[in-house]
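Observations on the three-dimensional arrangement
Next come the chains, spelled out residue by residue.
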Amino acid sequence: MARESCLVCQIVEGRVPSAKVYEDESVLAVLDVNGANPGHCFVMPKEHYPIIEQVPDKEIGKIFNVANKISTAVFESLQAQGTSIFVANGIPAGQTVAHFLVNVIPRFENDGINLLWKPKQLNEEEISTIELKLKEQAKNIGGFEKEEKKEKLHHEPIAKMPAADEDEEEDYFSRQMRRIP
Ligand SMILES: [Zn+2]
(Lines give C-alpha, C1' and ligand atoms only; values in the text may rest on other atoms or scores of the structure.)
Protein backbone atom coordinates (compact mmCIF):
# COMPACT_ATOMS: atom_id res chain seq x y z
CA MET A 1 0.00 0.00 0.00
CA ALA A 2 1.47 3.28 -1.10
CA ARG A 3 1.67 6.18 1.29
CA GLU A 4 -0.34 8.35 -1.14
CA SER A 5 -3.43 6.27 -0.43
CA CYS A 6 -2.68 5.73 3.27
CA LEU A 7 -5.26 7.37 5.51
CA VAL A 8 -2.79 7.81 8.37
CA CYS A 9 -0.27 9.52 6.08
CA GLN A 10 -3.06 11.83 4.93
CA ILE A 11 -3.76 12.69 8.57
CA VAL A 12 -0.04 13.26 9.19
CA GLU A 13 0.12 15.57 6.17
CA GLY A 14 -3.04 17.41 7.24
CA ARG A 15 -4.95 16.37 4.12
CA VAL A 16 -7.49 14.68 6.39
CA PRO A 17 -8.49 16.74 9.44
CA SER A 18 -7.85 15.25 12.88
CA ALA A 19 -7.86 16.16 16.57
CA LYS A 20 -4.12 16.22 17.29
CA VAL A 21 -3.21 15.85 20.93
CA TYR A 22 0.58 15.66 20.50
CA GLU A 23 3.01 16.23 17.66
CA ASP A 24 6.76 16.41 17.22
CA GLU A 25 9.09 15.95 14.25
CA SER A 26 8.53 12.20 13.96
CA VAL A 27 5.50 11.18 16.06
CA LEU A 28 1.86 12.22 16.04
CA ALA A 29 -0.93 11.36 18.50
CA VAL A 30 -4.55 11.94 17.55
CA LEU A 31 -7.84 11.45 19.33
CA ASP A 32 -10.07 8.70 18.00
CA VAL A 33 -13.46 10.45 18.09
CA ASN A 34 -15.19 7.11 17.64
CA GLY A 35 -12.99 5.03 19.92
CA ALA A 36 -13.46 2.33 22.51
CA ASN A 37 -13.77 4.94 25.29
CA PRO A 38 -13.65 8.75 25.30
CA GLY A 39 -9.96 9.68 25.11
CA HIS A 40 -8.90 6.69 22.96
CA CYS A 41 -5.77 7.89 21.14
CA PHE A 42 -3.65 6.66 18.24
CA VAL A 43 0.11 7.20 18.49
CA MET A 44 1.78 6.89 15.10
CA PRO A 45 5.10 7.46 13.38
CA LYS A 46 4.90 10.20 10.73
CA GLU A 47 6.92 7.94 8.45
CA HIS A 48 4.89 5.28 6.62
CA TYR A 49 5.62 1.85 8.11
CA PRO A 50 2.85 -0.68 7.41
CA ILE A 51 3.82 -3.10 10.22
CA ILE A 52 5.80 -2.90 13.45
CA GLU A 53 8.69 -5.04 12.14
CA GLN A 54 9.55 -2.28 9.66
CA VAL A 55 9.90 0.45 12.24
CA PRO A 56 13.58 1.15 13.04
CA ASP A 57 14.60 0.40 16.65
CA LYS A 58 15.23 4.03 17.48
CA GLU A 59 11.81 5.10 16.26
CA ILE A 60 9.94 2.29 17.96
CA GLY A 61 11.44 3.36 21.27
CA LYS A 62 10.33 6.95 20.65
CA ILE A 63 6.80 5.92 19.66
CA PHE A 64 6.29 3.81 22.78
CA ASN A 65 7.80 6.57 24.87
CA VAL A 66 5.17 8.97 23.51
CA ALA A 67 2.45 6.32 23.99
CA ASN A 68 3.52 6.05 27.63
CA LYS A 69 3.27 9.85 28.06
CA ILE A 70 -0.14 9.89 26.36
CA SER A 71 -1.21 7.17 28.77
CA THR A 72 -0.07 9.41 31.64
CA ALA A 73 -1.99 12.33 30.12
CA VAL A 74 -5.08 10.12 29.92
CA PHE A 75 -4.72 9.21 33.61
CA GLU A 76 -4.20 12.81 34.67
CA SER A 77 -6.73 14.63 32.49
CA LEU A 78 -9.55 12.10 32.22
CA GLN A 79 -9.17 10.45 35.63
CA ALA A 80 -8.82 7.05 33.97
CA GLN A 81 -8.40 4.11 36.31
CA GLY A 82 -6.23 2.21 33.85
CA THR A 83 -5.15 2.18 30.21
CA SER A 84 -4.95 -0.50 27.55
CA ILE A 85 -1.94 0.05 25.30
CA PHE A 86 -1.77 -2.22 22.31
CA VAL A 87 -0.83 -2.76 18.68
CA ALA A 88 -2.92 -4.70 16.18
CA ASN A 89 -0.12 -6.08 14.00
CA GLY A 90 -1.30 -7.76 10.79
CA ILE A 91 -4.79 -8.52 9.52
CA PRO A 92 -5.44 -11.60 11.72
CA ALA A 93 -4.64 -9.40 14.72
CA GLY A 94 -7.26 -6.90 13.66
CA GLN A 95 -5.07 -4.33 11.91
CA THR A 96 -7.31 -2.39 9.55
CA VAL A 97 -5.03 0.30 8.14
CA ALA A 98 -1.57 -0.33 6.69
CA HIS A 99 0.26 2.18 8.87
CA PHE A 100 1.66 1.03 12.19
CA LEU A 101 0.08 2.72 15.20
CA VAL A 102 -0.28 2.23 18.95
CA ASN A 103 -3.70 2.38 20.62
CA VAL A 104 -3.95 4.04 24.03
CA ILE A 105 -7.38 3.44 25.55
CA PRO A 106 -8.48 4.95 28.86
CA ARG A 107 -10.01 2.25 31.05
CA PHE A 108 -12.61 2.43 33.78
CA GLU A 109 -14.05 -0.26 35.99
CA ASN A 110 -16.83 -2.15 34.21
CA ASP A 111 -16.45 -0.11 31.00
CA GLY A 112 -17.54 -3.09 28.93
CA ILE A 113 -14.42 -3.21 26.72
CA ASN A 114 -13.43 -6.81 26.21
CA LEU A 115 -9.75 -7.40 25.41
CA LEU A 116 -9.68 -10.71 27.24
CA TRP A 117 -9.23 -14.16 25.72
CA LYS A 118 -9.85 -17.74 26.67
CA PRO A 119 -6.54 -19.28 27.79
CA LYS A 120 -5.26 -22.23 25.74
CA GLN A 121 -3.33 -24.63 27.98
CA LEU A 122 -0.18 -26.01 26.32
CA ASN A 123 0.80 -29.61 26.91
CA GLU A 124 4.37 -30.57 27.89
CA GLU A 125 5.41 -31.29 24.30
CA GLU A 126 4.04 -27.99 23.01
CA ILE A 127 5.81 -26.08 25.77
CA SER A 128 9.21 -27.56 24.95
CA THR A 129 8.79 -27.34 21.15
CA ILE A 130 7.53 -23.77 21.14
CA GLU A 131 10.04 -22.63 23.74
CA LEU A 132 12.85 -24.12 21.65
CA LYS A 133 11.66 -22.49 18.42
CA LEU A 134 11.26 -19.09 20.03
CA LYS A 135 14.62 -19.32 21.82
CA GLU A 136 16.32 -20.13 18.53
CA GLN A 137 14.87 -17.05 16.84
CA ALA A 138 15.35 -14.87 19.88
CA LYS A 139 19.12 -15.48 19.70
CA ASN A 140 19.20 -12.68 17.12
CA ILE A 141 17.83 -10.15 19.57
CA GLY A 142 20.37 -7.78 21.01
CA GLY A 143 22.16 -6.44 17.98
CA PHE A 144 19.86 -3.45 17.64
CA GLU A 145 19.98 -1.48 14.43
CA LYS A 146 22.19 1.53 14.14
CA GLU A 147 20.36 4.79 13.46
CA GLU A 148 21.24 5.07 9.80
CA LYS A 149 20.53 1.46 8.89
CA LYS A 150 17.06 1.02 7.48
CA GLU A 151 16.35 -2.54 6.54
CA LYS A 152 13.76 -3.25 3.92
CA LEU A 153 11.71 -6.16 5.13
CA HIS A 154 9.22 -7.94 3.02
CA HIS A 155 6.34 -9.22 5.02
CA GLU A 156 3.23 -10.97 3.81
CA PRO A 157 0.63 -8.76 5.49
CA ILE A 158 1.72 -5.66 3.51
CA ALA A 159 0.65 -7.06 0.18
CA LYS A 160 -2.64 -8.25 1.61
CA MET A 161 -3.45 -5.01 3.35
CA PRO A 162 -6.39 -3.38 1.57
CA ALA A 163 -5.53 -0.06 -0.05
CA ALA A 164 -8.02 2.73 0.51
CA ASP A 165 -8.34 3.51 -3.21
CA GLU A 166 -9.11 -0.03 -4.27
CA ASP A 167 -11.39 -0.85 -1.40
CA GLU A 168 -14.97 0.08 -2.20
CA GLU A 169 -16.19 -0.79 1.23
CA GLU A 170 -14.47 1.49 3.70
CA ASP A 171 -13.07 -0.19 6.78
CA TYR A 172 -14.16 1.02 10.18
CA PHE A 173 -10.95 2.95 10.66
CA SER A 174 -11.51 5.08 7.53
CA ARG A 175 -15.07 5.72 8.56
CA GLN A 176 -14.26 6.78 12.07
CA MET A 177 -11.31 8.92 11.01
CA ARG A 178 -13.57 10.82 8.58
CA ARG A 179 -15.77 11.75 11.49
CA ILE A 180 -12.94 13.59 13.20
CA PRO A 181 -13.90 17.29 13.02
ZN1 LIG B 1 0.96 5.72 6.03
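Since this is a predicted model, take the numbers as computed values, not measurements.

1. Concerning the overall build of the protein chain
Across its full length, the protein chain holds 5 helices and 5 strands. In sequence order, the protein chain lays out its α and β elements as α-β-β-β-α-β-β-α-α-α. Split into buried and exposed, the 181 residues of the protein chain put 25% on the buried side.

2. A closer look at the pairing of strand β3 (residues 41–45)
In terms of residue burial, β3 counts as a mostly covered element, since 5 of its 5 residues are buried. On β3, burial covers both faces: C41, V43 and P45 on one face and F42 and M44 on the other are all buried. As judged from the 5 bridges shared by strand β2 (residues 27–31) and β3, these two strands associate in the antiparallel manner. Bridge pairing links L28 to M44 in β3.

3. Let's talk about the nonpolar core
Judged by nonpolar contacts, the single largest core of 29 residues is most densely connected at V8, A29, V43, I70 and V104. If you list the elements that add at least two residues to this core, you get α1 (7–12), β2, β3, α2 (57–78) and β5 (102–107). Setting aside residues up to four positions removed in sequence, I70 forms contacts with Y22, A29, C41, V43 and V104.

4. A look at the environment of F42
Residue position: F42 is located in strand β3. F42 sits in the buried class, given 24 other C-beta atoms within 10 Å. In this structure, the C-alpha to C-alpha distance between F42 and V21, residues 21 residues apart in sequence, is 9.6 Å. Apart from residues no more than four positions distant in its own chain, F42 is found in contact with A29, V30, D32, L101 and N103.

5. Examining the sheet that holds β5
What the 5 strands build is an open sheet, ordered β1-β2-β3-β5-β4; its pairing is antiparallel. Of all strands in the sheet, those bounded by a partner on one side alone are β1 (20–23) and β4 (82–86). Neighbour-to-neighbour, the strand axes of this sheet turn through a mean angle of 15°, independent of strand direction. Bridging between β1 and β2 involves 3 bridges; their strand directions are antiparallel. From the neighbouring strand, Y22 faces β2, where its bridge partner is A29.

6. Topic: the environment of D32
Its location among the elements puts D32 in the loop between β2 and β3. Sequence separation of D32 and F42 is 10 residues, and the distance between their C-alpha atoms is 6.7 Å.

7. Things to note about the environment of G35
Locating G35 in the fold gives a position in the loop between β2 and β3. In this structure, the C-alpha to C-alpha distance between G35 and V104, residues 69 residues apart in sequence, is 10.0 Å.

8. Remarks on unusual backbone geometry
A positive phi angle, near 55°, is found at Q79, a position not held by glycine. With respect to the secondary-structure elements, Q79 resides in the loop between α2 and β4. The exposed category is assigned to Q79, around which 10 C-beta atoms lie within 10 Å. You will see that N110, though not glycine, has its phi angle at about 55°, which is positive. Structurally, N110 is set in the loop between β5 and α3 (124–138).

9. Describing the confidence of the model for the protein chain
Averaged over every residue, the pLDDT of the protein chain is 85; residues scoring 70 or more account for 78%. Counting contacts from residues 162–169, a segment whose pLDDT is below 50, to residues more than four positions away or on other chains yields 8 contacts.

The rules behind these values
- Residues numbered from 1 in each chain as written.
- Predicted model: local features only at pLDDT ≥ 70, side-chain atom pairs only at ≥ 80, totals over all residues.
- Helix = DSSP H or I, 4+ residues; strand = E, 2+ residues; numbered from the N terminus.
- Buried ≥ 20, exposed ≤ 12 C-beta atoms within 10 Å, placed from the backbone.
- Pairing = 2+ DSSP bridges.
- Core = buried A, V, L, I, M, F, W, Y, C linked by C-beta atoms within 7 Å.
- Contact = placed C-beta atoms within 7 Å.
- Axes fitted to C-alpha atoms, helices over the stretch in contact; angles between N-to-C directions.
- pLDDT = per-residue confidence, 0-100.

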